[in-house]
Amino acid sequence: MQNDDDLIAIVAMECRLPQAADVDEFWARLVDGRTAVSDLTDEQVAAAGVPAAQRSRPDYVKRAGVLEGVAEFDSGYFGYSEREADILDVQQRLMLEKSVALLERANIDPQRTAQRIGVFAGSGMSTYVTGPLQRPDLMDALGEMVVRHGNDKDFLATRISYKLNLRGPSVNVQTACSTGLVAVHSAVQSLLLNECDAAIAGAVYVRVPQEAGYRHQVGGVLSPDGVCRPFDARANGTLFTNGLGLVLLKRLADAVADGDRVHAVIAGSAVNNDGAQKVSFTAPSVSGQVAVLREALEISGADPADVGYLEAHGTGTALGDPIEVEAIKQAYGTTGAPCGIGSLKGNFGHLNIAAGIVGLIKAALVLEHGFVPPTVNVQEVNPALELDGSRYFVTTEGLELDRTALQWAGVSAFGMGGTNGHVLLRSHRPDPADPEPAAAPDTADGRPSVLAFSARSRAALRGQAAALAARLAADPGAVLAEYAHTLREGRTLHPHRAALAAVHPAEAVARLKAERYHTGAESGSDAIAFVFAGQGTQRPAMGAGLAARNAAFARRLAEAVAAVDAHTGFDLRALLDGGGERDTADTEVAQPLLFAVEYALAQTLLDAGVTPAYLFGHSLGEVVAAAVAGVFDLATAAELVAVRARVMAACPAGAMLAVSDPAPFAELVADGSLVVAAVNSPGQQVLSGSRAAVERAAALAAEAGVTHQRLRTSHAFHSPLMQGAVEEFLAFLGTRELHAPRIPVVSNITGRVLSEYEARNPRYWAEHLVRRVEFGGSVDTLREAGVTRFVEIGAGRSMGTLVRGGFAAAGAPAPVLAQTLGEPETEAESFADALALGWATDPRVDIADHTAARRMTALPTYAFEKRIHWVEPAATVAAPAAEPAAAPVAVAVAEPLPVPAAEPVGAAGNGGGGADGGADGGADGGADEEVRSIVAQIFKTFLGGSATSADLGFFELGGNSLMAIQLINKLRETFGLDLSVRDFYENSSISGTSTVITAMLIEEPAHV
C-alpha cells in the first residue's frame, strides 16, 4: 500500500456540460442514463452560418451537444470593460466563472488564504476569435494584440491566476483529448513536489457556433448518425461536443487537517506517449496504453485484481474500443474481482479537450456514491472486445458497489498524437485511528448566528440571498452556525454586503426571501448613529438574556454595575438579575439601571468595531451618550447619574403624557399647568406637570380623540418642577472635570451637534434637567447630515419609532434601524442584529462570536450577474461574417481639430469631471466641450458601456495597458497631438484627458 504522504485528495469538483450546469446535474443525468446530445433543426444550422448547399447534403449530420448561455458573462466580477469582455473567448470566460465556483465549493477565499494555489489547465483552439477578427471597429479600437490575447489558449491558466489572485504554478497543458487528465497529473506532481498547497486542474472545449453540425466521412472517427455507442457492436464513430471540467486537489493529509470534503483520493497517475510505434499520428497504440496503465498502477500500489471499475476513454469507434480493452486486459490482468468498464461519451459525446477531466469527475462520483451509472447506447456488447469469460464487463446497467470496502477505479484519456494518461482513484474512508469529528454545535440554546455575505453588485447580492435561502430551505439538517462560519471564512469579501441575525434556519430563510437583511457598500454613505433611550424604557432584568449568551457584554455590564454600585444605596446587580426589592420605576433606580445597561451595550458595540458617526439620546440617554463620547469618564459618569437621579427624585412628584396633537392642551400650557417637555417628532410631543394637570390633559385627550399615553415616570421631568434639582446638580458638576467629546454628540437642548464649550460647561448639563428635549430636531439634524442608519441603545423600540416618525414627516425614505435589546426573550438576537448592521456598514466589525462553528459546510456558489457579451463568430475560420454584430462606433473627426478659443484652464486633477459625472459631457471649465465630447466617444469605442463616468480613470473602468496604448494612439491621430503616455496615465479619466488635450491645443499647460 502506498504511503499516505503521496496521496492526493479531490476536495472540489465543477463542470459545465450540455444539459448539466454543475456536478449535481451531471451525476443525475448519468444515473438516469440520459443523453445530452440533441438534434438540430435546419433553422438552427442555418442561423449558425452553414450554407444551404452544405447543410442539405445527405452526409451532413445535424446533431450537437450544446451548452446553454455561453454568450452570458459577468464581466464586472472580473473587472473587464464591456468591450474587452465582448472579445474574450467563451472558453476562458467559462473557466473563470467555474474556477470561482470551484474554490467556493472548497470554501477557499483566494484573497485571504495563505495557500499557494496552482492552475493546470487547457482549452481548445478558439473559434470565437473569428468574429472579433472580422470586426474592423473592434480591431481598430482594441488592437489585434488585445483580441488575440483574449482568445489565445496560452493565456488560459495565467488569466485564471491573475483574476483570482492565485500564486502557485500557472501552467497551460495541451495534449489534445487527454489534456484534462494530463492537467490532473501535472497538478499531482506539483503538489507532491510541494510547489503548491492546492491546485486547480481541468480543461474546457467550446466550439462556436455550437449549433453547427458536421460532415461524416466514411472511415473517419465521426459518427454517421451523431450517436456515440461506446463498446457496442454497432459502434461506428463519435461526435465532438462542448464542455468543461475542473477539480481542486490537495495533499490528503492537508485536506483531512483542513476538514475538507474528500470526494475521492488519487493514489497514482502516469503520462506517456506512443512514439512512432503505431499506424499513424492519430491512431491509438496498444503498447503505449498498456505502459501508461501499468505505470499508474505501480505508482498507486493498488492490486490490479482489486480495481472494480474503469472509466475508459471509450470513443465508440470500431478501431479504438477494441484496442483500449486489449490494453486493459494486458495491464490489469485476467484474474481478480469483476471489473466494470464504462464511458460517459454515450451520454455527452466526446468532450474533446475536456474528455479526460470529466471522466475523472465521473469516476470520483462513482466512488463517493458507491454506484456505477449505466453506459448508454449499448444494445449488444461488441464481440470484438472478447469479454466473454473474462473478469471484465461493460456496465450496461447501474451497479451498486460495496461501500463498506475500499473501492478502486481507473480513468483513461488518450490524445490524438499519442499522449496517454491514466489515473488510479480510491474511495476515501477516514482512518479509524483518527479522532471522531466533533459533534455539531447545539443550536437549540437560542444563540444567534450572523449570516454575512457579499457580492459585486446589488443584483448579485439579491441572487446570493435567494440561493442561500433555497439551500437552507432544502437542508433539513442545516446548522445555522456552520452556514455563518462558512460565509465568513470561506467566501471572498465583495463591495456590496448584506448581513442578518437569526437563531433558527426557518427564520433565516424567511428573512432572506423577504430581503429583510442589512446592506452596505464600499461606495455608499453608511454613517451610523447610536440613539440612547431615556427614562421610561427600563424594565426589570433588562440585559440579562444578552449577558447570559454574550460574554463580551457581560464583562462590560459588570464593569458599569461596579462603577454605579459605588454610589447607590441598592444592589443594582440584583435588579439586573430579576430580583431586588426596589421598583424600577423609581427615578433613583431607573436612571442608574439605564445608564449601566446602555453604557455596556454601547461599549460592547464599540469593542466589536461598530463605529458611530454620531451619538444622541433622549434626556438621560444624552448623558449616557456623553459618557460614551468621553465627556465623562466611567467613574465620573456613574457618580453623576447617581447624583442626578437623587436630586431629581427629591423634587415634587409629577407625571408625563405623550400626545399626538398638542392643540387641545393649549390653555393648560398657557396657564403654566403643563409644559411641553419634549418634541419627539412632528407626530408626538410630551406634556409634563403635576399629576392633577396630567389627569386633566388625559381626559381632554380622550374627549378630543387624540392619541395619548401616560409615561412610566414618577416625576414631571423637563418642567419647572425640576428646578429645585438644578443648583444642587450644578454644584456637583463644578467639582468634576469634563472633556471634549471624542464622537460628535447631538444636543437635546438645541437639536444641533454639541459644541466643546457646551459639553464642558456644567451649566449645560444642569439646565438639561428643566429644558425641553428637542429630540425631533436632533433627528432632523442627523437626517440632513445624511445619516440613515440608527442603532437603538436600550430596551424596546421606542427610540426607533420616534426616529422613523421624524423621517416620515420629512418625506424621507425610511431609515435603517437595529435594536440592541428588543423583546426580553430575543435580547441576544437583537444585539446580533445590531452587529449585523455594523458588519454590513463596515466589514471590519468583529462578528466572530456569531459565526463560530467547528466545521464549514457546503453552500451555494457565487450568483454571477451575467450579461450578453457576444460577437457573432464565423461558421468557419475562412468564411466572412455576413455583417457586423454591432455597428462600428465612428469618431467624427477627419483631421486635427481647430484650436479652441484660449481661456483659463481650471484645475481638473486626475479626472476632474463634469457636474453630471456622465461620459457624454457636463460642465467642466478646464476642457472645451467639443474636445470632451470626442474624447468620451473614443473612450466608449474602447470600453463600450463601461465608460459610464467622466471621473473614473481608464483602468478603473476596466481598461488595460494594451488597450491604453491603442487609445492613446487614437487620441493622437484624432487630435493631431503628441499626447504622452505619462500624461494619459496621470489623467486617464475622460475629464482629465479632455483637460490635457484642451491645454495642448491652446498651447497652455494644464494644471493637473
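Preceding this paragraph is the structure being described.
Residues numbered from 1 in each chain as written. Predicted model: local features only at pLDDT ≥ 70, side-chain atom pairs only at ≥ 80, totals over all residues. Heavy atoms only, no water.

1. Brief notes about unusual backbone geometry
Leave glycine aside and you will find that most residues have negative phi; peptide bonds, for their part, are mostly trans.
Right, so step 1: Cis geometry marks the peptide bond from Val208 to Pro209, where omega comes out at -5°.
Right, so step 2: Turning to its location among the elements, Pro209 is positioned in the loop between β8 (198–205) and β9 (214–215).
Right, so step 3: The backbone of Asn165 shows a phi angle near 60°, a positive value even though the residue is not glycine.
Right, so step 4: When you line up the elements, Asn165 lands in the loop between α9 (156–164) and β7 (170–172).
Right, so step 5: Positioned with a positive phi, Ala176 is a non-glycine residue whose angle comes to about 60°.
Right, so step 6: We classify Ala176 as partly exposed; its relative accessible area is 26%. (Helix = DSSP H or I, 4+ residues; strand = E, 2+ residues; numbered from the N terminus. Buried < 20%, exposed > 50% of the residue type's maximum accessible area, 1.4 Å probe, protein only.)

2. A closer look at the packing of helix α10 (residues 179–192) against helix α15 (residues 355–369)
Right, so step 1: Remark: α10 packs on α15, axes separated minimally by 4 Å, with the N-to-C direction vectors making an angle of 70°. Here α10 lies roughly perpendicular to α15, going by the angle between them. Contacts between α10 and α15 involve Gly180, Leu181 and Val184 from the former and Gly356, Ile357 and Leu360 from the latter.
Right, so step 2: Taken together, the residues of the contact of α10 with α15 sort by class into four nonpolar, two polar and no charged. (Axes fitted to C-alpha atoms, helices over the stretch in contact; angles between N-to-C directions. Parallel < 35°, antiparallel > 145°, perpendicular 65-115°, else oblique. Contact = heavy atoms within 4.5 Å. Nonpolar A, V, L, I, M, F, W, Y, C, P; charged D, E, K, R; others polar.)

3. Focus on the packing of helix α20 (residues 551–565) against helix α22 (residues 587–608)
The relative placement of two packed helices is expressed as an angle between their axes plus a distance between the axes.
Right, so step 1: As a packed pair, α20 and α22 sit with axes 8 Å apart at the nearest point and diverge in direction by 140°. Between α20 and α22, the angle falls in the class oblique. α22 is crossed by α20, and the crossing has right-handed handedness. Two secondary-structure elements touch here, α20 through Ala552, Phe553, Arg556, Leu557, Ala560, Val561 and Val564 and α22 through Pro592, Phe595, Ala596, Val597, Tyr599, Ala600, Leu601, Gln603, Thr604 and Asp607. (Left-handed = near helix turned anticlockwise from the far one by under 90°.)

4. Description of empty space enclosed by the protein
Right, so step 1: Taken as a whole and assessed by the stated rule, the structure comprises one cavity of 30 Å³ or more.
Right, so step 2: Reported here for the largest cavity is a volume of approximately 70 Å³.
Right, so step 3: Taken together, 13 residues form the lining of the largest cavity, with Glu311, Ala312, Lys345, Ala355 and Gly359 sitting closest to its centre.
Right, so step 4: Secondary structure elements with two or more residues in the lining of the largest cavity: α15 and β17 (408–414).
Right, so step 5: Per-element tally for the lining of the largest cavity: the top contributor is α15, with three residues.
Right, so step 6: When the residues that make up the lining of the largest cavity are grouped by side-chain class, the tally is five nonpolar, six polar and two charged. (1 Å grid on protein atoms, 1.4 Å probe; cavity = no way out; pocket = protein on both sides within 12 Å on 5 of 7 lines; lining within 4 Å. Points joined across faces, edges and corners; volume = space filled by probe spheres on them.)

5. Concerning helix α17 (residues 480–489)
Right, so step 1: The element α17 is extensively covered by neighbouring structure, given that nine of its 10 residues are classed as buried.
Right, so step 2: Buried residues of α17: Leu480, Ala481, Glu482, Tyr483, Ala484, His485, Thr486, Leu487 and Arg488, and no others.
Right, so step 3: Structurally, α17 contributes buried residues whose contacts are with β19 (449–455), α16 (458–473), β20 (496–502), α18 (505–513) and α32 (827–841).

6. Focus on the sheet that holds strand β25 (residues 674–681)
Right, so step 1: Pairing is antiparallel across the open sheet formed by four strands, whose spatial order is β25-β26-β24-β27. Two strands lie at the open edges of the sheet, namely β25 and β27 (708–710), each paired on one side alone. For this sheet, the mean inter-axis angle between neighbouring strands, taken without regard to orientation, is 25°.
Right, so step 2: Of the pairings in the sheet, the one linking strand β24 (residues 655–659) to strand β26 (residues 684–689) comprises five bridges and is antiparallel in character. Each bridged residue has a counterpart across the sheet, and for Ala655 the counterpart in β26 is Gly689. (Pairing = 2+ DSSP bridges.)

7. Regarding the environment of Gly490
Right, so step 1: Note on placement: Gly490 falls in the loop between α17 and β20.
Right, so step 2: For Gly490, a relative accessible area of 0% puts it in the buried group.
Right, so step 3: Taking the C-alpha atoms as reference points, Gly490 and Asn107, separated by 383 residues in sequence, lie 4.2 Å from one another.
Right, so step 4: Apart from the residues within four sequence positions on either side, Gly490 is in contact with Asn107, Ile108, Asp109, Arg112, His485 and Met856.

8. Digging into the pattern of salt bridges
Between side chains of opposite charge, a pair can form as their charged atoms come close.
Right, so step 1: One pass over the full model with this rule turns up 40 salt bridges.
Right, so step 2: In this structure, the salt-bridge partner of Arg148 is Glu144, at a minimum N-O distance of 2.5 Å. Note that Arg148 and Glu144 are positioned in helix α8 (residues 144–149) at a spacing of four residues, about one turn of the helix.
Right, so step 3: Look at Arg148 and you get partly exposed, because its relative accessible area is 41%.
Right, so step 4: Overall, the relative accessible area of 43% leaves Glu144 in the partly exposed class.
Right, so step 5: For the salt bridge of Arg783 with Asp780, the shortest nitrogen-to-oxygen distance reads 3.2 Å. With Arg783 and Asp780 both in helix α30 (residues 775–784) and three residues apart, the pair spans about one turn of that helix.
Right, so step 6: On the accessibility criterion, Arg783 (23% relative accessible area) is partly exposed.
Right, so step 7: Connected via shared salt-bridge partners are Arg116, Asp197, Arg251 and Asp254. (Salt bridge = Lys/Arg side-chain N within 4 Å of Asp/Glu carboxyl O.)

9. Considering the environment of Glu598
Right, so step 1: Inspection of the secondary structure puts Glu598 in helix α22.
Right, so step 2: In this structure Glu598 comes out as buried when scored by relative accessible area, which is 0%.
Right, so step 3: Residues Glu598 and Ala554 lie 44 residues apart in sequence; the distance between their C-alpha atoms is 12 Å.

10. Overview of the packing of aromatic side chains
Right, so step 1: Throughout the structure, instances matching the rule amount to 24 aromatic pairs.
Right, so step 2: With centroids separated by 6.0 Å and ring planes inclined at 25°, the aromatic side chains of Phe78 and Phe864 adopt a geometry described as stacked. In this pair, Phe78 is assigned in the loop between β5 (72–73) and α4 (82–87) and Phe864 in the loop between α32 and β30 (867–868), connecting sequence segments 786 residues apart.
Right, so step 3: Judged by centre distance (5.3 Å) and plane angle (25°), the rings of Phe616 and Phe775 are stacked. Of this pair, Phe616 sits in strand β23 (residues 614–617) while Phe775 sits in helix α30; the two residues are 159 residues apart in sequence, bridging distant segments of the chain. (Phe/Tyr/Trp six-rings, centres within 6.5 Å; stacked < 30°, edge-to-face > 60°.)

11. Details of a nonpolar patch on the surface
Right, so step 1: Side chains of Phe955, Ile965, Val981 and Tyr985 sit close together on the surface and give an oily, nonpolar patch of about 300 Å² of accessible area.
Right, so step 2: Structurally, Tyr985 is set in helix α35 (residues 981–986). (Patch = residues over 30% accessible without salt bridge, like charges linked within 9 Å, V, L, I, M, F, W, Y side chains within 5 Å. Areas by Shrake-Rupley, 256 points an atom, 1.4 Å probe, with all protein chains shown as cover.)

12. Some words on helix α33 (residues 929–943)
Right, so step 1: The first and last C-alpha atoms of α33 sit 21 Å apart over 15 residues, in line with the 21 Å expected at 1.5 Å per residue.
Right, so step 2: For α33, the set of buried residues is Val931, Arg932, Ile934, Val935, Ala936, Ile938, Phe939, Thr941, Phe942 and Leu943.
Right, so step 3: Between the side-chain oxygen at the start of α33 and the backbone nitrogen of Glu930 there is a gap of 2.9 Å, and the oxygen is on Asp928.
Right, so step 4: Where α33 terminates, the next one or two residues include Gly944, which has phi positive at roughly 65°. (Expected span 1.5 Å × (residues − 1). Polar contact = N/O pair within 3.5 Å; in protein donor to acceptor, adjacent residues only side chain to side chain.)

13. A closer look at the sheet that holds strand β22 (residues 528–532)
Right, so step 1: Overall, parallel pairing links the four strands, which are arranged β23-β22-β28-β29 in an open sheet. The open sheet terminates on both sides in strands that have one partner only, identified here as β23 and β29 (816–821). Across this sheet, the average inter-strand angle for adjacent strands is 25°, counted without regard to direction.
Right, so step 2: Pairing of β22 with strand β28 (residues 789–795) involves five bridges; the strand directions are parallel. Paired with Phe532 across the strands is Ile793, a residue of β28.
Right, so step 3: Relative to β28, α22 is tilted by about 140°, and along the sheet it contacts β22, β28 and β29.
Right, so step 4: Its contacts with the sheet place α30 against β22, β23 and β28, and it is angled at close to 165° to β23.

14. Quick word on the environment of Thr537
Right, so step 1: Tracing the backbone through its elements, the reader meets Thr537 in the loop between β22 and α19 (544–549).
Right, so step 2: Judged by relative accessible area, which is 16%, Thr537 ranks as buried.
Right, so step 3: Each C-alpha atom of the pair Thr537 and Ala585 lies 9.5 Å from the other, and the pair is 48 residues apart in sequence.
Right, so step 4: Other than its neighbours up to four places away in sequence, Thr537 contacts Leu594, Glu598, Ala795 and Ser798.
Right, so step 5: For Thr537, the side chain forms a polar contact with the main-chain oxygen of Gly534, separated by 2.8 Å.

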